[in-house]
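Coordinate inspection notes
Letter by letter, the chains look like this.
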Amino acid sequence: MNTFKRPAWIAIFSTLLAGCAVETVKDLGGNYRFRAEARQGSHREAVNKAYELANKKCESLGRGAEEIKSRPLEDYYGGAYEVDFHCYDLSVRAAQKRKIEEDAKREADKRNAIAAEQQRQADLQRKKDAAEWERGRPAREAQARRERAELEAKLRVVCPMYYAARQSCATAAHPNYCMNVRLSNNYSEWTDSQCRNR
């Protein structure tokens, strides 16, 4: 009977131990390693426990915890998780954060100043171009009047010839060819359209 009771108690005791979470800490010389084991539990339980222990250790030193590396472990009984971390000085980290934020703000201010200057230069160039365009308006209008007067003078000469040629080519099979022959190979459809529109 005793031979049966002993293995039964061992089995019960082993089962009780298997349900417990085991945590260990190791000093790595300025850094730490926590190992959390979830016997018959989940890796999530081990992960949460490892990070909880790391944070508590650093809080006890008045510092913050920062992970260096972590890794899951497997064994026959269940899951385990190891986290290597170090405890950083909160005031130093706050100063570093402030510096990063200040650097980022300076960089953003610099980019904004460059963009504003580029916009200002573009506005100045647009105003300059508009002023230049306005200054050239009288010359352009005078040139347009000269060209129109030259065209009118030309049309006064050629339109009567185009009109006569059109009349004589009205029944021709190929009116444009006929017009070209009548006008001594100087027929222009554009000139013809200008004469029609007068």
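Scroll up for the structure.
Here the structure is a predicted model, which is why all the values come from computation and not from measurement.

Criteria and cut-off values
Residues numbered from 1 in each chain as written. Predicted model: local features only at pLDDT ≥ 70, side-chain atom pairs only at ≥ 80, totals over all residues. Heavy atoms only, no water. Disulfide = S-S within 2.5 Å. Helix = DSSP H or I, 4+ residues; strand = E, 2+ residues; numbered from the N terminus. Buried < 20%, exposed > 50% of the residue type's maximum accessible area, 1.4 Å probe, protein only. Contact = heavy atoms within 4.5 Å. Phe/Tyr/Trp six-rings, centres within 6.5 Å; stacked < 30°, edge-to-face > 60°. Lys NZ or Arg CZ within 6 Å of the ring centre and 35° of its normal. Salt bridge = Lys/Arg side-chain N within 4 Å of Asp/Glu carboxyl O.

In total, this model carries 3 disulfides according to the counting rule given. The disulfide that involves C58 links it to C87, with 2.0 Å between the sulfurs. Handedness here is read from the sign of the S-S torsion; for C58 and C87, about -80 degrees, the answer is left-handed. With a gap of 29 residues between them, C58 in helix α2 (residues 43-60) and C87 in strand β4 (residues 78-88) connect regions that are remote in the sequence. C58 gets classed as buried once you look at its relative accessible area, which sits at 0%. With relative accessibility at 10%, the residue C87 sits in the buried group. Between the sulfur of C169 and that of C178 lies a disulfide, 1.9 Å long from S to S. Note on the C169 and C178 pair: the S-S dihedral is about -75 degrees, so by sign convention the disulfide is left-handed. Under the relative-accessibility criterion, C178 is labelled buried at 11%. Here the cysteine-cysteine linkages of the protein chain are recorded as 1-2, 3-6, 4-5, numbering only bonded cysteines and doing so in sequence order.

So, about the environment of D192. By secondary structure assignment, the location of D192 is in helix α5 (residues 189-196). By relative accessible area, which is 4% here, D192 ends up buried. Along the primary structure D192 and R166 are separated by 26 residues, whereas in three dimensions their C-alpha atoms are 9.2 Å apart. If near-sequence neighbours (up to four positions away) are discounted, D192 is found in contact with Y162, R166, M179 and Y187.

Applying the stated criterion to the full structure yields 1 aromatic pair. Directly above the aromatic system of Y88 lies the positively charged group of R93, at a separation of 3.8 Å from the ring centroid.

Looking now at the pattern of salt bridges. Applying the stated rule across the entire model yields 14 salt bridges. One salt bridge in this structure joins D84 and R33, with 2.6 Å as the shortest N-O distance. With D84 in strand β4 and R33 in strand β2 (residues 31-39), this residue pair connects regions lying 51 residues apart in the sequence. Look at D84 and you get buried, because its relative accessible area is 4%. By relative accessible area, which is 23% here, R33 ends up partly exposed. K99 serves as the salt-bridge partner of D103, at 2.9 Å between the closest nitrogen and oxygen. A residue pair is termed a helical-turn pair when its members lie 3 or 4 positions apart in one helix, as D103 and K99 do in helix α3 (residues 90-168) at 4 residues. Taking the relative accessible area as the measure of exposure, K99 reaches 49% and is therefore partly exposed. Look at the salt bridges and you will find they share partners, linking K99, D103 and R106 into a network.

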